[in-house]
Amino acid sequence: MRHVTACFRKRKHGEFKCLSRSFKQVLAGFYETGRREFTVLDSDMRFQVIVAAVFWSGFVESRKVRGISSSYKRFYKERKSFLCIDGSKIIPFEQVNDDYCDCEDGSDEPGTSACPRGRFYCTNLGFRPHYIPSSRVNDGICDCCDASDEYNSPAHCQNTCWNLGQKERAYVEGQMRTLDEGLRLKQQLIEEGVLLWREKQAQLRELQQVAEDLQIKLEEHRRRKHEAERLKEQTLKALEAGDSGKGRILMRSCCNPYSITVDEVKTKVVLVHDEERLLSEDEALGLLGGGHQIDLTKFRRTLWDVLTRGDSVKVRSISLHFQHPPRCFFAAEWEATNLKKVEEAYETVNMEISDLRKKLAIDYGTDWEFLFLNSQCYKLKVYEYIYTLCPFNQVTQKNTAGTEVSLGTWGMWAGTPKNQYSQMVYENGEPCWQGGSRTTTVTLTCGTETALRSVKEPSKCQYIMDFQTPVACQPVLKQRGIHSEL
Amino acid sequence: MASFTERMVPVLVLWLAVCLAETWAVDRGNFKTCDQSAFCKRQRALKPGESPYRALLETMELTNTRLTLQLINDNNKVRLLLELYRLQGNITRVKINELKPLKPRYEVPDVLIREPPTEPLSLLSQDENGVVLSLGSESQRVIISARPFRLDIMEGSDVLMSLNSRGLLTFEHLRMRKDTFSYKVTSTVASVWDNIKRVFSSQADPEAEKKEEADPANQAETTKEEEEKVEDGMWEETFKSHSDSKPNGPSAISLDFSLPGVEHVYGIPEHADTLRLKTTENGDPYRLYNLDVFQYELYNPMALYGAVPVMLAHNTQRTTGIFWLNAAETWVDISSNTAGKTVFGKMLDYVQGSSETPQTDVRWISESGIIDVFLMLGPTPKDVFSQYASLTGTQSFPPLASLGYHQCRWNYNDQEDVQSVDAGFDEHDIPYDFIWLDIEHTDGKRYFTWDPHKFATPKEMLQGLMDKKRKLVAIVDPHIKVDSNYKIHNEIRSKGFYIKNKDGGDYEGWCWPGSASYPDFFRADMRAWWASMFAYDQYEGSMENMYTWNDMNEPSVFNGPEVTMHKDTVHGAWEHRDVHNLYGFYVQMATAEGLIQRSGGIERPFVLTRAFFAGSQRYGAVWTGDNAAEWDHLKISIPMCLSLGLVGISFCGADVGGFFKSPSTELLVRWYQTGAYQPFFRAHAHLDTPRREPWLFGPENTALIREAVRQRYTLLPYWYQQFYHAHRTGEPIMRPLIQLFRKGRHVLKLSVPLMFFNSAAGRDLLVHPVTEEGARGVTAYLPGKDTVWFDIHTFQKHNGAQNLYIPVTMSSIPVFQRGGSIIPRKVRVRRSSTCMEHDPYTLYVALNLQRTAEGELYIDDGHTFNYEKKEFIHRRLSFAKNILSSVNLAPDAQFTTRSWIERVVILGASKPSKVTLQTADGQDSQLEFDFDASMSVLTLRKPGMNAGADWTVMLQRLLNLYKHLS
């Protein structure tokens with residue numbers, strides 16, 4: 001590591017003080033400060049106006065060297081020589097801002113365009129100060145609102161800082177109002193979100209209860225079906241063995257609880273002369289002797305003969321004989337059908353549960369503040385297209401002809417590590433012409449209402465949306481604003 | 001925002017067809033091979049041998065500057081007329097046409113800048129076997145041999161070039177179609193008429209009688225002719241589903257040229273091939289036929305977007321050129337007697353001294369027109385460039401800003417998009433001068449209009465750019481949407497300016513707008529009208545910082561044969577067949593004229609074209625069309641632009657990043673580094689590719705790209721000066737090593753691959769960009785035994801005549817400044833070139849072994865034609881005997897500049913004791929300086945004199961001081 005010795009005259013004591021500092025340290029210091037300044041510049045600086053103004057009034061009278069900020073004044077104290085801030089070279093002080101670049105780091109020319117990597121400080125009284133690259137000094141384009149960068153150029157720059165400052169202040173105020181309102185709404189939405197979350201949780205629990213019940217039912221039905229099947233098998237065996245007495249007993253025991261209903265008569269029995277027509281309720285009731293259901297034995301005794309004689313009515317389906325094979329065969333089928341029904345119900349409930357779970361598994365923000373967006377859709381017309389964003393679900397584009405194209409389904413949060421909830425990605429939309437599929441990136445910004453603000457397609461099949469919602473309002477932003485106003 | 005499919009319904013079908021056929025390569029089946037082009041097949045079937053042509057020496061007429069002579073084809077007795085001119089500047093022009101064509105044959109107009117001035121020819125000797133003519137004062141002679149006809153150009157005892165030495169001259173004379181009814185009627189009527197004439201003419205027209213007598217073959221001609229067989233493709237031809245009616249029948253021409261002593265030939269762009277042309281015996285000839293080739297393939301002789309029928313032949317002694325002035329479809333065959341030999345075989349020949357003389361034979365075949373060939377006899381490359389420039393003109397002198405960086409994309413979607421890209425450059429501190437708008441900016445592909453939603457207030461947008469001293473290019477293609485609500489279409493149609501189909505109606509084809517017609521740019525009145533459309537009051541939304549791009553001007557016709565126009569369409573008296581390769585030339589000509597006119601003749605135009613022809617250099621820039629984001633495409637951009645430079649078109653570039661597909665970050669960075677050192681520097685991308693503005697690949701890559709672009713901007717004064725030089729002399733800007741060091745046998749003999757991948761801007765910078773993926777080093781050949789080269793980044797000195805291995809990183813762009821040169825730079829890189837106008841210069845003086853150096857400094861306003869009125873500064877900078885001085889090269893020119901000299905960097909210097917500046921007023925002042933002993937670099941601090949002034953800087957050395965003292 002190279003060490004340089006830097007000498008400064010300390011004004012107070014009129015003596016030289018030599019500092020031995022590591023080159024790297026000096027550099028680091030310089031760039032650190034620089035970076036901070038630039039970071040400030042990059043970030044939302046609207047709240048720093050007043051701070052700057054305060055600072056400005058403090059040092060304005062002593063400023064002599066063009067293009068530096070007050071924090072750098074200490075490097076440019078009028079003396080015989082000037083030490084490049086990176087410590088690499090000492091030059092006569094007249095060579096500071098003499099329009100020739102002597103220092104590698106450009107520190108000798110803060111006020112001219114001479115150094116390729118230099119920077120110029122726009123004081124911008126009334127607005128916010130910022131750095132511009134040296135190459136923008138005297139290039140004929142007004143960059144600093146105080147016109148300080150074009151001190152030797154044909155460009156007639158006006159000092160617009162006050163206006164800009166006004167606008168900025170108005171804008172900031174507007175933003176603040178939006179933020180306040182946004183945060184208030186956000187709080188509501190958070191509360192709603194929490195309620196919704198609880199509701200959904202309750203719903204889930206309910207569904208789980210239903211599922212459990214169904215589970216029990218299912219087992220019962222499985223058992224019954226199994227039993228019925230067993231009986232059926234036994235009966236079959238008995239019948240095959242010719243032991244009709246035993247069969248009858250079995251039949252009775254397995255069939256007695258059963259009866260014939262009106263509906264069954266309606267579906268199984270038809271008129272001989274008009275097979276297409278279903279029996280009416282009255283006709284079926286007639287067959288059953290006026291009652292809505294009839295005991296099977298009774299049915300056999302009274303009606304069966306009529307039916308089998310087949311003068312005017314007949315049994316439609318051979319597979320569903322009323323007499324042979326014995327009724328317990330139907331029982332097995334009956335049980336199977338019932339089991340299926342329960343199984344289906346169970347499946348449906350389970351699907352609902354997993355859907356709900358999936359939905360609940362989505363990250364809706366730390367306070368479930370984004371939950372309310374679920375099941376909502378937002379539309380925006382851009383030129384000839386209507387775009388629809390259904391958060392956590394999908395994005396679509398519809399043209400005037402009504403053709404709808406998927407621009408992606410919910411993928412993930414994709415914001416910055418600091419605030420991952422600032423961006424959403426929807427992926428695997430309709431495939432594209434040259435391979436790949438459509439994707440949409442949604443940027444969430446703070447606003448008082450929830451709406452889709454803009455849609456763009458910067459590259460083919462890659463869409464970006466600006467989605468405004470109170471829940472994107474960040475208290476951090478506000479704090480920073482207040483903080484810088486202090 | 002629309003999906004591609006919805007917006008592109010008209011072209012979709014075609015694209016789909018193409019895409020399905022093959023994914024990432026040209027669909028060769030869409031384009032003809034020689035075998036599929038009837039005339040090429042017919043001509044190529046002829047083998048070298050005895051030529052049927054005989055010179056009728058008795059018909060020779062020689063005036064002071066023109067020789068004419070009839071040739072006869074002994075097989076069919078058709079006579080040709082040969083004209084031979086000696087042109088000023090060591091050029092011989094040979095013209096051959098039918099003596100009595102059935103109807104006129106097309107002769108290319110407007111390409112030559114004037115009727116070339118001639119020089120006297122004199123007859124040296126003549127006998128029954130031939131004629132010997134003297135070509136001016138030099139020891140050059142033309143020998144015309146009679147039987148068979150052959151033409152040799154000699155210098156001393158050397159044959160420079162022979163024509164028809166292989167007997168491949170053919171001239172398909174125009175004829176009546178014999179199998180048609182009309183022919184029979186016509187010929188019967190004609191013979192009756194002849195008889196009547198004969199009866200009455202003996203007294204009335206003795207001249208005619210004489211002519212008949214002088215033409216005894218007339219009778220035989222008719223009989224012979226009837227025996228000629230009609231081959232397929234003579235009277236009509238079908239390619240794929242397209243049929244070409246050929247009402248004029250066969251009309252091809254062909255001639256062979258032998259080049260003794262020549263191993264390598266160059267030129268005849270545009271082909272995606274090596275700089276040195278390959279022999280074509282085992283494949284197709286090189287084809288010249290302007291075509292819109294979708295996803296072109298590399299390293300083959302297929303035709304591309306432009307055609308310059310100029311070939312250069314080069315060996316250590318002499319450089320010559322052949323300019324075949326014909327605008328029809330043309331094929332060029334090349335063979336060489338050393339082609340088959342290995343490098344080892346050649347070395348063996350060289351060592352044993354037993355080598356037969358190398359020779360290259362070339363044969364040109366064109367579908368119609370006449371033979372009109374200019375033999376440019378050198379002898380140096382510089383001479384050939386100046387000879388060719390004297391015929392077709394030099395590179396237009398572009399506005400300085402157009403040498404900056406251009407940011408293009410199909411498409412910047414709307415004004416907001418343009419604004420945000422513009423802001424992106426400022427945010428990332430990358431300079432650029434032009435942002436481009438492709439076809440989507442228009443209202444439904446109606447050129448000269450704006451999309452009413454996306455570009456609702458174009459002037460606002462242009463003003464925004466102007467405020468930053470930047471400019472815009474908007475595309476204007478020559479296919480005009482057939483739409484009765486479109487003003488441009490209505491006017492062209494009502495004026496009858498459209499190209500006609502063979503039945504006389506307006507030709508309609510399919511292009512971006514759907515059904516489109518094509519203005520007939522061959523008509524001067526059409527071109528004048530077109531030019532008037534660029535007036536600010538005609539072209540709504542245009543402003544003076546808006547320039548033009550002509551694409552698709554081959555012309556591209558999606559549903560036409562080979563994606564271009566049917567050959568039997570009609571341009572007045574001519575068929576499209578005769579004129580095809582000129583279409584793009586005229587489109588750019590008319591557009592450039594429009595841009596000049598709109599400014600009242602004051603401002604220089606900037607027009608980019610895809611199609612071009614000989615002479616296109618006069619109208620603007622060209623680019624290598626729709627390339628792809630592949631390493632091989634990056635590599636091929638170098639020989640493609642080098643080839644164009646050799647034939648006059650210096651303002652050449654390739655789409656940085658590659659048009660189709662998406663480049664890897666490494667490829668993109670390397671492409672910026674390469675493009676920064678090519679004359680036309682524009683990034684462009686296909687609609688379907690992801691965004692690739694320079695800052696989208698992370699800060700490291702942004703920095704690499706920024707650095708490459710900044711290097712370009714620091715060298716802008718040098719680029720500008722190179723363009724001025726090219727404009728004055730016709731010499732190329734990007735030059736292959738062959739030309740720089742023509743006596744460098746090493747380079748020539750072995751033709752190391754370096755030659756193809758190396759490029760040099762002007763003669764002072766040698767550039768060897770990294771074009772290999774994952775490269776860790778490159779080997780560059782530094783030519784010149786007594787030459788030294790300085791790395792422009794490190795100032796490290798290297799000796800010439802060596803293969804230098806250079807280790808590289810991602811930031812490396814190997815560039816060397818030649819010892820002996822002085823290069824001016826502006827090192828204060830700003831937002832755009834215009835922002836740098838008044839900036840001071842830094843002079844980089846690179847000393848050679850003799851400790852001398854020379855260079856120039858050219859300054860003008862950068863954008864008007866006032867330089868033609870002598871409003872410029874042109875100075876010679878020279879360093880010798882430790883004195884650097886600036887003297888006026890143009891004392892009669894007037895211009896003042898605010899620019900001054902801020903720094904002088906002398907490479908290869910020794911440490912002086914004192915440095916004194918003497919200005920024109922005789923004032924002396926001492927200059928501060930800094931000497932870096934490790935690299936021998938002397939930097940003079942802030943001399944401060946005006947760049948336009950006379951001055952002298954003296955370096956006093958300790959040794960000199962002692963001398964003075966003693």
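Residues numbered from 1 in each chain as written. Chains lettered and ligands numbered in written order. Predicted model: local features only at pLDDT ≥ 70, side-chain atom pairs only at ≥ 80, totals over all residues. Heavy atoms only, no water.

1. Examining the overall build of chain A
Within chain A one finds 9 helices and 18 strands. Counting across all 486 residues of chain A, residues that qualify as buried make up 42%. Surface summary for chain A: the accessible area is close to 27000 Å², and the carbon and sulfur share equals 52%. (Helix = DSSP H or I, 4+ residues; strand = E, 2+ residues; numbered from the N terminus. Buried < 20%, exposed > 50% of the residue type's maximum accessible area, 1.4 Å probe, protein only. Areas by Shrake-Rupley, 256 points an atom, 1.4 Å probe, with all protein chains shown as cover.)

2. Here's the deal with the overall build of chain B
When helices and strands are counted, chain B shows 22 helices and 54 strands. Pairs at least 24 residues apart make up 73% of the contacts formed inside chain B by residues separated by at least 6 positions. Looking at chain B as shown, the accessible area adds up to about 34800 Å², and 52% of this sits on carbon and sulfur atoms. (Contact = heavy atoms within 4.5 Å.)

3. With respect to the packing of helix α16 (residues 665-675) of chain B against helix α17 (residues 698-714) of chain B
All names here are of chain B. For the pair α16 and α17, interaxial distance at closest approach is 8 Å and the crossing angle is 10°. With respect to their mutual orientation, α16 and α17 come out roughly parallel. Facing α16, whose interface residues are T665, L668, V669, Y672, Q673 and G675, α17 presents N701, L704, I705, A708, V709 and R712. Of the residues belonging to the contact of α16 with α17, the class tally is 7 nonpolar, 4 polar and 1 charged. (Axes fitted to C-alpha atoms, helices over the stretch in contact; angles between N-to-C directions. Parallel < 35°, antiparallel > 145°, perpendicular 65-115°, else oblique. Nonpolar A, V, L, I, M, F, W, Y, C, P; charged D, E, K, R; others polar.)

4. Overview of the state of the cysteines
Residue and element names in this part refer to chain A. Tallied over the entire structure, the rule returns 10 disulfides over all chains. Covalently, C432 is tied to C461 through a disulfide, its sulfur atoms 2.3 Å apart. Taken together, the residues span a long stretch of sequence, with C432 in the loop between β15 (423-427) and β16 (439-446) and C461 in the loop between β17 (451-459) and β18 (462-469) at a distance of 29 residues. In this structure C461 comes out as buried when scored by relative accessible area, which is 7%. Here C446 connects covalently by a disulfide to C473, the sulfurs 2.0 Å from one another. An S-S torsion of about 85° defines the bridge between C446 and C473 as right-handed. Pair noted here: C446 is in strand β16 and C473 is in the loop between β18 and α9 (475-485), with a separation of 27 residues, a long-range link. (Disulfide = S-S within 2.5 Å.)

5. Concerning the interface of chain B and chain A
By a widespread convention, an interface's size corresponds to the accessible area lost as its parts come together. Taken residue by residue, the interface counts 43 residues in chain B and 38 residues in chain A. When chain B packs against chain A, the two sides together hide about 3500 Å² of surface, and 44% of this comes from carbon and sulfur. The interface formed by chain B and chain A holds 7 salt bridges in total. Notably, a salt bridge pairs A:D143 with B:R831, separated by 2.7 Å at the nearest N-O pair. Taken together, the connections running from chain B to chain A amount to 19 residue pairs in polar contact (both at pLDDT 80 or more). Elements with a minimum of two residues in the side of chain B that touches chain A: α1 (4-7), α2 (9-21), α9 (415-427), β49 (901-907) and β53 (937-941) of chain B. Broken down by class, the residue content of the side of chain B that touches chain A amounts to 14 nonpolar, 6 polar and 23 charged. (Buried area = accessible area lost by both parts, 1.4 Å probe. Salt bridge = Lys/Arg side-chain N within 4 Å of Asp/Glu carboxyl O. Polar contact = N/O pair within 3.5 Å; in protein donor to acceptor, adjacent residues only side chain to side chain.)

6. Remarks on the pattern of salt bridges
According to the stated counting rule, one finds 72 salt bridges over all chains in the structure shown. One salt bridge in this structure joins A:R224 and A:E220, with 3.3 Å as the shortest N-O distance. One end of the pair is A:R224 and the other is A:E220, both in helix α3 (residues 161-241) and 4 residues apart, which spans about a single turn. You can call A:R224 partly exposed: its relative accessible area is 37%. Look at A:E220 and you get partly exposed, because its relative accessible area is 30%. One salt bridge connects B:R318 with B:E155, and the closest N-O pair in it is separated by 2.3 Å. Of this pair, B:R318 sits in the loop between β17 (310-314) and β18 (319-324) while B:E155 sits in strand β9 (residues 150-155), and the two are 163 residues apart along the sequence. Residue classification places B:E155 among the partly exposed residues on the basis of a relative accessible area of 25%. In the salt-bridge network here, residues are joined through shared partners; they are B:K32, B:E237, B:D244, B:K246, B:R287, B:E329, B:E367, B:E562, B:K567, B:E575 and B:R577.

7. Structural notes on the nonpolar core
Residues and elements named next belong to chain B. Core analysis: the largest hydrophobic core is formed by 171 residues, its most contacted members being F323, F448, W530, L582, F606 and Y672. Apart from residues lying up to four places away in sequence, Y672 is in contact with Y405, Q407, V656, F681, A683, P694, I705, A708 and V709. Judged by nonpolar contacts, the second largest core, of 50 residues, contains I144, I153, L288 and I371. (Core = buried A, V, L, I, M, F, W, Y, C linked by side-chain atoms within 4.5 Å.)

8. Concerning the sheet that holds strand β22 (residues 405-407) of chain B
Whether parallel or antiparallel, the strands of a sheet pair through hydrogen bonds between backbone atoms. Residue and element names in this part refer to chain B. Strand order in the open sheet made by the 9 strands is β33-β32-β31-β28-β24-β23-β22-β35-β34, with parallel pairing throughout. With one partner strand each, in any of the chains shown, β33 (652-653) and β34 (655-656) form the two edges of the open sheet. Judged from the 4 bridges that link them, strand β23 (residues 434-437) and strand β24 (residues 471-475) form a sheet pairing that is parallel. By the bridge assignment, I435 is partnered in β24 with L472. (Pairing = 2+ DSSP bridges.)

9. Focus on empty space enclosed by the protein
All names here are of chain B. This model, assessed by the stated rule, comprises 10 cavities of 30 Å³ or more. A volume near 120 Å³ is recorded for the largest cavity. Every residue lining the largest cavity is counted, 14 residues in all, and those nearest its centre are K32, H242, D244, P561 and K567. Here the lining of the largest cavity is composed, by residue class, of 4 nonpolar, 5 polar and 5 charged. (1 Å grid on protein atoms, 1.4 Å probe; cavity = no way out; pocket = protein on both sides within 12 Å on 5 of 7 lines; lining within 4 Å. Points joined across faces, edges and corners; volume = space filled by probe spheres on them.)

10. Things to note about the UniProt feature "coiled-coil region" (unreviewed entry) in chain A
When the UniProt feature table is mapped to this numbering, "coiled-coil region" (unreviewed entry) covers residues 197-238 of chain A. Split by type, residues 197-238 of chain A is 100% helix and 0% strand. Its first and last C-alpha atoms lie 60 Å apart. (UniProt positions renumbered as here; feature names shortened; annotations may be inferred.)

11. Quick look at the sheet that holds strand β44 (residues 821-825) of chain B
Residue and element names in this part refer to chain B. Strand order in the open sheet formed by 11 strands is β51-β50-β54-β48-β47-β46-β44-β45-β49-β53-β52, with mixed pairing between adjacent strands. Pairing within the sheet leaves two strands with one partner each, and these edge strands are β51 (924-926) and β52 (928-932). For this sheet, the mean angle separating the axes of adjacent strands, direction not counted, is 20°. With 5 bridges joining them, β52 and β53 adopt antiparallel strand pairing. Looking at β53, one finds that F929 is bridged to L940.

12. Digging into helix α11 (residues 487-494) of chain B
All names here are of chain B. Inspection of α11 places I488, H489 and I492 among the buried residues, and these make up the whole buried set. Angularly, the buried residues of α11 cover 100° about the axis, an arc narrow enough to put them on a single face. Looking one or two places after α11, you find G496, whose phi comes out positive at around 70°. (Arc of directions from axis to C-beta.)

13. A short note on the side chain of B:D520
Relative to the helices and strands, B:D520 is located in the loop between β27 (514-517) and α12 (524-532). B:D520 has contacts with B:F497, B:Y498, B:I499, B:M526, B:V570, B:H571 and B:G572, leaving out every residue within four places of it along the chain.

14. Points about the packing of α12(B) against helix α14 (residues 583-598) of chain B
All names here are of chain B. Packing of α12 against α14 leaves a shortest axis separation of 7 Å and a crossing angle of 45°. The orientation of α12 relative to α14 falls into the category oblique. The two elements α12 and α14 meet at a crossing, and its hand is right-handed. Seen from α12, the contacting residues are R527, W530, A531 and S532; seen from α14, they are Y586, V587, M589, A590, T591, E593, G594 and Q597. When grouped by side-chain class, the residues that make up the contact of α12 with α14 number 6 nonpolar, 4 polar and 2 charged. (Left-handed = near helix turned anticlockwise from the far one by under 90°.)

15. With respect to the packing of aromatic side chains
The tally for this structure, following the rule as stated, stands at 67 aromatic pairs over all chains. With a centroid separation of 6.3 Å and an interplanar angle of 55°, the aromatic rings of A:Y387 and A:Y463 are classed as tilted. Of the two residues, A:Y387 sits in strand β12 (residues 385-390) while A:Y463 sits in strand β18, which places them 76 residues apart along the sequence. Here A:Y387 matches A:Y463 in class, with each residue buried. Between the aromatic rings of B:F397 and B:Y867, the centroid separation amounts to 4.9 Å while the plane-to-plane angle is 85°, which identifies the pairing as edge-to-face. One end of the pair, B:F397, is in the loop between α8 (381-392) and β22; the other, B:Y867, is in the loop between β46 (853-859) and β47 (873-880), with 470 residues separating them in the sequence. Looking at B:F397, the relative accessible area reads 3%, which means it is buried. An aromatic cluster is built from B:F448, B:F521, B:F522, B:W530, B:F534, B:Y539, B:Y583, B:F585, B:Y586 and B:Y619, whose rings are joined through pairwise contacts. The ring of A:W162 has A:R169 lying over it, and the distance from NZ or CZ to the ring centre is 4.8 Å. (Phe/Tyr/Trp six-rings, centres within 6.5 Å; stacked < 30°, edge-to-face > 60°. Lys NZ or Arg CZ within 6 Å of the ring centre and 35° of its normal.)

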